[in-house]
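Breakdown of the fold
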Amino acid sequence: MSWRYRVEFFILLSFAVMPRCFGQTDASLRTTDTELHFTADASAPRLTTLSVPGEPPWTNRASEALIDGADIGDDHAPLHWSFNRDASQITDQRVAFVYESASPHLRLTWEWRIRQDFGPIEHQVRIENLDDKEFWIPLQDSLAFDWQIEPQSPLDQLFVEKGADSPSNVGTHEASLTDGYKWTGTSSTYGDTDKRDPREIIPWTLVGRHDTAHTGWYAGIEFSGRTRVTVHREKDSLKVALGLNPDPGPALTRLLPGESFESPIVFLGGFRGGPDGAGNVLRPWVRAVLGNPLTWQNPDYPYVVNNSWGGGMDVNDEIARRMIRDAAELGVNMFHVDAGWFRGVGDWYPNPQKFPEGLAVIADYAHQHGLKFGLWVDWTQAGLSTEHGALNARDPRVRDWMVTDIPKDWQPEPFKGQTIDLGVPEARQWAQHETERIVSDYHLDMLEHDGYLVAHGCNRTDHPHAAPDPLKICVYKDWGSYFVDSTNSTDVSYHAVRAYYDIYSKLRKDHPGLLFEICNDGGRMVDFGSAAHGDYFSITDTYDPLSNRRAFYDTSHVLPAAMLESYVEKWPVPRIENFRYMLRSGMMGWFTIMLDTSSWSAEQHAAAKREIDVYKKELRPLIRDASLYHVSPRPDGVHWDAMEYWDPHRKMGVVYAFRGTVENENTHAFALQGLEPSKRYRLRFFDRTSPDRAATGAELGKGLKVTLPLANSSELIFLKEEGSD
Ligand SMILES: [Zn+2]
């Protein structure tokens, strides 16, 4: 080829390529763990690649599937999206590609945001109605992609269940992603109450390659409504979708003029070092991005708590004062009054027979003893009390806030009633005032929410959410409450959850330092949206040592340990070793004692005091800040299990070791992680079950030997790098 000919060829080629280049906008965002590249095509945006820095990228071949139609009355209008470059924004912290539809006039913003210089990157889709008409639109997924993969490449998936009711026998699922693999994980606030979803997941999943650095990606949803995650592998394709649950469909949501639909925020991140490597980035990210800074600034967070449920519904003024005195003597941080204090369900005033002087005096009594004061309230539940201020399901004003008409013979349970639909503006306003009153009048430092807070489908046609499909309504009763299943269930949850977030955001603003416990029937509301609006979770509704350890093992893959509350309840403890095992099974995160401590022997009292002391002085700093390693298989109550905390900054850590009922295995070795093979570490056995000694990181990486001669016993082994103090 002559020089001249080559120049002409180059010019021709440039003309062929340039128009396409000019019609397309590319962008990227980067944290220390995650690199994402994006392309704005003419009619849809696309996540093009995800990379763990230094590793081969994951390449996406699908554009984001944007909703393609809207209903106006009985008419259906197709949507044609086109990229609006002038309205789009690209910085090194944020990429927002804007698409518009001319008729109907809608604007869609496809946004990615960096919230910290490490960890995952957040994403959300917002659809704004710029028209002068009302539309009904299908649910826009938060994120969907289709990775191009090698057909035979080995891939693994990890997902974890909520500890709702009782942790199941599996809890942490590790699946091999073979050809044809198809999986859907769902999350709502109902757990096994929802007959379709027997076990719910924390809305998050992780997929890893079989490479030497154990890399991969994970994604999660920051929303407490009905959501789902799907993963489908077929030949060279790995399709993933995250967002509101479109089943049962057709699921629609209303868009009034000027109103916006916001898909649940999702996050997408890369990782190294397998699931624990992912967790050791995600947990600090959740703390930094979703956590309440004021909560984490409190050096006493997470608290040691004494909860009144050890005596059930019987709590009264005298019992509460006795428990407060004993809690103060034990060194507890907070006294927490559980159910049983109120006049009735929906009637959140102190029962005058039990608390003749009211509840504020009890809070003040706790404060005088150096304790914080927390209170259980089922504040979305209506009952039948006719007292002034009560939420009465028969009140004509309240009746329309219920999800369905309540039969004439209905009675609430002792501490459960009928959930109101918080998505109704008047209901939300009532709840805002009521929670505000409770926090102020009873001098609260912590408000625990329990019961079903989010309505589960709704029969009403005059609420802001979509009406149910009259041919697909199922009404059923569980635990004294009525539930509705229909095509509007997801939209009902969308509105109710946003109202709940608004209520708690305002309470937080008006009461700085107030803590929120997310309970929702024990472990049914464990998700990243709750993590952004509350301070800690009740992670299961079953409180024996094994259930507490199992729920912690599962949940701690994705959420900061300090946010994970275990309630420790009465359990057979013939020996003091069993007593310590029981306490420590609930001491790996937020530690709540739910026992009548006045029934303890002097020996148990002294042992508990020592455990609380070591929790506050040595364990709590690690629970807050250290990396966490799951150094054994999931607890089964028979074999040995352990968790390791290691703080690479303070160069110290701890191993919680538990022996189940296994016979003939008095010594067990746990391979520790996060240590440097050439460094030496001092080992301190807290119960002196072995002499203190030193060992190299290499030796501990092979196995830390622990000897416990008794079934259902435990040890705390503290680690400190030599020469680090
Ligand atoms: Zn409703």
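Residues numbered from 1 in each chain as written. Predicted model: local features only at pLDDT ≥ 70, side-chain atom pairs only at ≥ 80, totals over all residues. Heavy atoms only, no water.

What follows deals with the sheet that holds strand β19 (residues 227–234). Spatially, β1-β2-β3-β4-β13-β20-β19-β16 is the arrangement adopted by the eight strands of the open sheet, whose pairing is antiparallel. Only two strands of the sheet have a single neighbouring strand rather than two, namely β1 (25–30) and β16 (182–187). Direction aside, neighbouring strands of the sheet carry axes that sit 20° apart on average. (Pairing = 2+ DSSP bridges. Helix = DSSP H or I, 4+ residues; strand = E, 2+ residues; numbered from the N terminus. Axes fitted to C-alpha atoms, helices over the stretch in contact; angles between N-to-C directions.)

Taking every second residue as pointing to the same face, both faces of strand β24 (residues 304–307) are buried, with Val-304 and Asn-306 on one and Val-305 and Asn-307 on the other. Here β24 runs beside strand β37 (residues 590–594); their pairing, made up of three bridges, is parallel. When the sheet's bridge partners are listed, Val-304 is paired in β37 with Phe-591. Pairing between β24 and strand β25 (residues 334–337): three bridges, direction parallel. Opposite Asn-307, over in β25, you have His-336 as the bridge partner. (Buried < 20%, exposed > 50% of the residue type's maximum accessible area, 1.4 Å probe, protein only.)

What follows deals with the coordination of the zinc ion. Asp-421 (OD), Cys-458 (SG), His-463 (ND1) and His-465 (NE2) make up the full set of protein donors to the zinc ion, lying at 2.0 to 2.3 Å. Angles of 103 to 131° at the metal separate the four donor atoms of the zinc ion, which places the site in the tetrahedral class. Positions of the donor residues of the zinc ion along the chain correspond to the pattern D-x36-C-x4-H-x1-H. The pair formed by Cys-458 and His-463 is uniform in burial state, with each residue classed as buried. (Donors = N, O, S within 2.8 Å, 3.2 Å for Na, K, Ca; no water. Tetrahedral: all angles 85-135°; square planar, octahedral: opposite > 155°, others 65-115°.)

What follows concerns the environment of Ala-393. Within the secondary structure, Ala-393 sits in the loop between β29 (381–382) and α6 (396–399). A relative accessible area of 2% places Ala-393 in the buried class. Apart from the residues within four sequence positions on either side, Ala-393 is in contact with Ala-382, Gly-383, Val-398, Arg-399, Met-402 and Trp-410. (Contact = heavy atoms within 4.5 Å.)

Below, the discussion takes up the nonpolar core. In terms of nonpolar packing, the biggest core is built from 187 residues, with Trp-217, Leu-238 and Trp-341 touching the most fellow members. Broken down by element, the residue count for this core peaks at nine residues, all from helix α8 (residues 489–510). One finds Trp-646, Leu-683, Ala-695 and Leu-700 within the second-largest nonpolar core, a separate group that totals 21 residues. (Core = buried A, V, L, I, M, F, W, Y, C linked by side-chain atoms within 4.5 Å.)

Bringing the confidence of the model for the protein chain into the picture now. This prediction gives the protein chain a mean pLDDT of 94; 96% of its residues lie at or above 70. Below pLDDT 50 for its whole length, residues 1–22 participates in three contacts with residues either more than four positions away or in separate chains. (pLDDT = per-residue confidence, 0-100.)

Where burial is concerned, most of strand β39 (residues 640–647) is hidden: eight out of the eight residues are buried. Burial along β39 is two-sided: Trp-640, Ala-642, Glu-644 and Trp-646 facing one way and Asp-641, Met-643, Tyr-645 and Asp-647 facing the other are all buried. In this structure, strand β38 (residues 627–629) lies alongside β39, joined through three bridges in antiparallel fashion. Bridge pairing in β39 links Tyr-629 to Glu-644. Bridge count for β39 against strand β40 (residues 652–659) is eight bridges, and the pairing is antiparallel. If you follow Trp-646 over to β40, its bridge partner there is Gly-653.

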